[in-house]
2 protein chains.
Amino acid sequence: MAPPFIVDIHTHVYPPSYMNMLRSRKTVPYIHDPPSNATPRLIILASDDDPSIPLDQRGRPVDSSYSDINAKLSFMRQHGINSSVISLANPWLDFLEPEEAQVWAERINNDLEATCARVNQAADPTGTSALHDKETLFAFGALPLSAPSPDVVVNEIKRLKILPHLRGVIMGTSGLGKGLDDARLDPIWAALQETGSMLFLHPHYGLPDEAFGGSDATNRYGHVLPLALGFPLETTIAVTRMLLSGVFDRFPQLQILLAHSGGTLPFLAGRIESCILHERKFVANGGDVPGPQRSVWDILKTNIYLDAVVYSTAGLNAAVTASGGTDRLLFGTDHPFFPPLESKDEKWASVTTNYKAIHAAFDTDNDAVTAVLGGNAARILNLK
Amino acid sequence: MAPPFIVDIHTHVYPPSYMNMLRSRKTVPYIHDPPSNATPRLIILASDDDPSIPLDQRGRPVDSSYSDINAKLSFMRQHGINSSVISLANPWLDFLEPEEAQVWAERINNDLEATCARVNQAADPTGTSALHDKETLFAFGALPLSAPSPDVVVNEIKRLKILPHLRGVIMGTSGLGKGLDDARLDPIWAALQETGSMLFLHPHYGLPDEAFGGSDATNRYGHVLPLALGFPLETTIAVTRMLLSGVFDRFPQLQILLAHSGGTLPFLAGRIESCILHERKFVANGGDVPGPQRSVWDILKTNIYLDAVVYSTAGLNAAVTASGGTDRLLFGTDHPFFPPLESKDEKWASVTTNYKAIHAAFDTDNDAVTAVLGGNAARILNLK
């Protein structure tokens, strides 16, 4: 039996132009180059920019794996990944001044397209070899969300459709600054729906420090609380606000890929649905707020895809049950985040944990394993 | 085949003395009696005490089901529940002045004991009938956490062991005011461990409004965001802080029942474990913070029990996989919260949803259904 075709749909890059932009900044997000030869530091989370920590130790070390596409290809080879759908890492272009947004979105997206084209051309110079002989790349584009008008975003969504290797867009949870239940986003949802573009929804902002007991408590355990709990909850809140405000009622063909297996959505979907059915404020229950018209289960089976970046069979079992099957679950790695702390040469535990969980969750069902590892991604994102 | 013995381990009461105390208050938590004959309002969440909402509409209606034990017994009968382990509802005694805490804890716990004794005596006057002929009650006690010294709490934990119907304690996530990773809680963990008392950990404080986009966004959808997402995350954060601070390393026999199937712990356990293994701050990875010594999976299978109040098979599948089997999962209802909005006579959807999910999750495994519905609770809490 041929090995399965493996696609990584959750894998990030900071193109060199973006890295240089971060180097020129002194506020989050920024890159700090220590005066010595020590590894540069990447400070992208507000909680990392703690004045009580020396600048040379803030954030996390950032090496070439963040921007060098050869490091990505080498990582793919090491872990048996045939194709990756790369995306700009958080915080994307959210922080840009309004007048800079459009030019940076076009620059980043053109960079992504050029990189994919170059790599795929090298992998298959004659355009005839099977897709999985050498590693290939596709991309999710970045959006100019801080632009002065949503029209700029809409235009970029339309422009991405003519770039051959772009397969949708990645987006954070702040939208136009007020979250994803903001009615001003409707033209953007409409453009995504009309163009059939996949929206990869990804966290960055986490939860306020107070949720963890204040900044002392938040920082006491390094990144564990913000990354392990803050990120997934941010995603869950964002998509629940979309649901509650009727986005999926108004745009019933919207296609969303949720990072980290939906944050916690598969586990909490039942509680969300129960709370909606018991909420007196909604019209269906005699209140005066419209409330969602479709159930969370319908949306999970129709509009939502989940990555398999959840590091456990427990999480995968919930994801598959909530999705109604294995055809909406897609393998990912979160590269270049969570590298091994010691040797860079070993296989990444953050990746092997997810591989093992997928095999353990679907062990007797080879079709399910093959689908989750790459078949679903190839079909849904038309990777060929 | 005899019907299974059904135990509800997540079911709350506000004894009449507690209701009167809430009536005497004007700040959260409080009960407001409208001047007309309208139903009194219970305002227990800070987010409910919104000055822009008329007092007569704030919070939720509170009827006799909150304090009348006959309403509880009638609810049990209607839903086929044989025995309930009742507990004071949130926010328990957290808000009391230090000097009031001890007397109120003793009063509430003595009230609970007297109620259980009276009901069980009526159910079985001769002390010979089988347990499930009539409804019986047991209780989790309340703790005087705002007392001037943890010794007061320790003494109450020890005193509860001599009350025949008490089966452990219920506790919120604020501990002594600074969360559950507060080292000042160690004498309390020690007392719980030494007495073999179950700790029922339950949310109340939710997340800061900012997590949901500010108070406007939080309130836009009634209680859905704070209850559906804030509550489960609060529980998850609390138990993760216990884990990260080494509580389960120092007190390896601690027994904790987590509300709402662990909040989101079963789903996020893999991500929590992965983040711990990649956290440079922890000694195991070369840092200077101890970090937890035991894995989250070990703790889930040794120290933690989960209620089955998760309203979905997806959630139950994650809970059982994370627990390593069905013997740590316990049926509950969350009564008197989430009543039907229309007729009070119908069966509660919030209960039937959980019944259906349990049957659907374990349909071919009668032993598992019987265990989750009551067998586990009877064994673990020694209900007889």
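See the structure printed just above.
Source: prediction; values computed, not measured.

Cut-offs and rules
Residues numbered from 1 in each chain as written. Chains lettered and ligands numbered in written order. Predicted model: local features only at pLDDT ≥ 70, side-chain atom pairs only at ≥ 80, totals over all residues. Heavy atoms only, no water. Least-squares fit on C-alpha atoms with pLDDT ≥ 70 in both. Contact = heavy atoms within 4.5 Å. Buried area = accessible area lost by both parts, 1.4 Å probe. Salt bridge = Lys/Arg side-chain N within 4 Å of Asp/Glu carboxyl O. Pairing = 2+ DSSP bridges. Helix = DSSP H or I, 4+ residues; strand = E, 2+ residues; numbered from the N terminus. Axes fitted to C-alpha atoms, helices over the stretch in contact; angles between N-to-C directions. Parallel < 35°, antiparallel > 145°, perpendicular 65-115°, else oblique. Left-handed = near helix turned anticlockwise from the far one by under 90°. Nonpolar A, V, L, I, M, F, W, Y, C, P; charged D, E, K, R; others polar. Buried < 20%, exposed > 50% of the residue type's maximum accessible area, 1.4 Å probe, protein only.

Here we take up the relation of the copies chain A and chain B. Superposing chain A onto chain B requires a rotation of 180 degrees together with a translation of 0.0 Å along the rotation axis, leaving an RMSD of 0.0 Å. Such a combination of turn and shift is consistent with a two-fold rotation axis. When C-alpha positions in chain A are compared against the rotation axis, the closest is assigned to Ala318 of chain A, at 2.6 Å. Of the residues that chain A buries at the interface, 100% are likewise interface residues in chain B, meaning the two copies contact each other through the same surface.

In this complex, chain A contributes 65 residues to the contact, which on the side of chain B involves 65 residues. Approximately 5700 Å² of surface area, both sides summed, lies buried where chain A meets chain B, with 69% of it carried by carbon and sulfur atoms. Summed over the three residues of chain A that lose the most area to chain B, namely Phe267, Arg271 and Leu341 of chain A, the buried surface amounts to 16% of that side. Between the two partners, chain A and chain B, sit two salt bridges.

Two strands in a sheet stick together by hydrogen bonds in their backbones, pointing the same way (parallel) or opposite ways (antiparallel). All names here are of chain A. Taking strand neighbours across the sheet as the criterion, the three strands line up as E2-E3-E4 in an open arrangement whose pairing is antiparallel. Both edges of this open sheet fall to strand E2 (30-32) and strand E4 (60-61), since each of them pairs with a single strand only. Bridge analysis of E2 against strand E3 (residues 41-43) gives three bridges, and the strand direction is antiparallel. Bridged to Ile31 within E3 is Leu42.

Here the focus is unusual backbone geometry. Residue and element names in this part refer to chain A. Omega for the peptide link from His335 to Pro336 comes to 5 degrees, which places this bond in the cis form. Structurally, Pro336 is set in the loop between strand E11 (329-330) and helix H12 (349-361). With phi around 60 degrees, Phe338 is a residue other than glycine that occupies positive phi space. As for its position among the elements, Phe338 is in the loop between E11 and H12.

All names here are of chain A. As defined by bridge partners, strand E8 (residues 198-201) adjoins strand E9 (residues 255-258) across four bridges and the pair is classed as parallel. Each residue of the ladder has a partner; that of Leu199, found in E9, is Ile256. By the bridge criterion, three bridges tie E9 to strand E10 (residues 304-307) in an arrangement that is parallel. Bridging across to E10, Leu258 finds its partner in Leu306.

Once that is clear, we can look at the packing of helix H3 (residues 98-123) of chain A against helix H4 (residues 150-160) of chain A. Residues and elements named next belong to chain A. For the pair H3 and H4, interaxial distance at closest approach is 11 Å and the crossing angle is 15 degrees. With respect to each other, H3 and H4 are oriented roughly parallel. Here H3 runs over H4; the crossing is right-handed. Here Gln102, Ala105, Glu106, Asn109 and Asn110 of H3 lie close against H4, whose contacting residues are Val152, Glu156, Arg159 and Leu160. Among the residues forming the contact of H3 with H4, the class breakdown is three nonpolar, three polar and three charged.

All names here are of chain A. The element strand E6 (residues 136-141) is extensively covered by neighbouring structure, given that six of its six residues are classed as buried. By the alternation rule, side chains of E6 split into Thr136, Phe138 and Phe140 and Leu137, Ala139 and Gly141, which are all buried. Bridging between strand E5 (residues 83-88) and E6 involves five bridges; their strand directions are parallel. Among the inter-strand pairings, Ser84 is bridged to a residue of E6, identified as Leu137. Strand direction decides the pairing type here: E6 and strand E7 (residues 166-171), joined by two bridges, are parallel.

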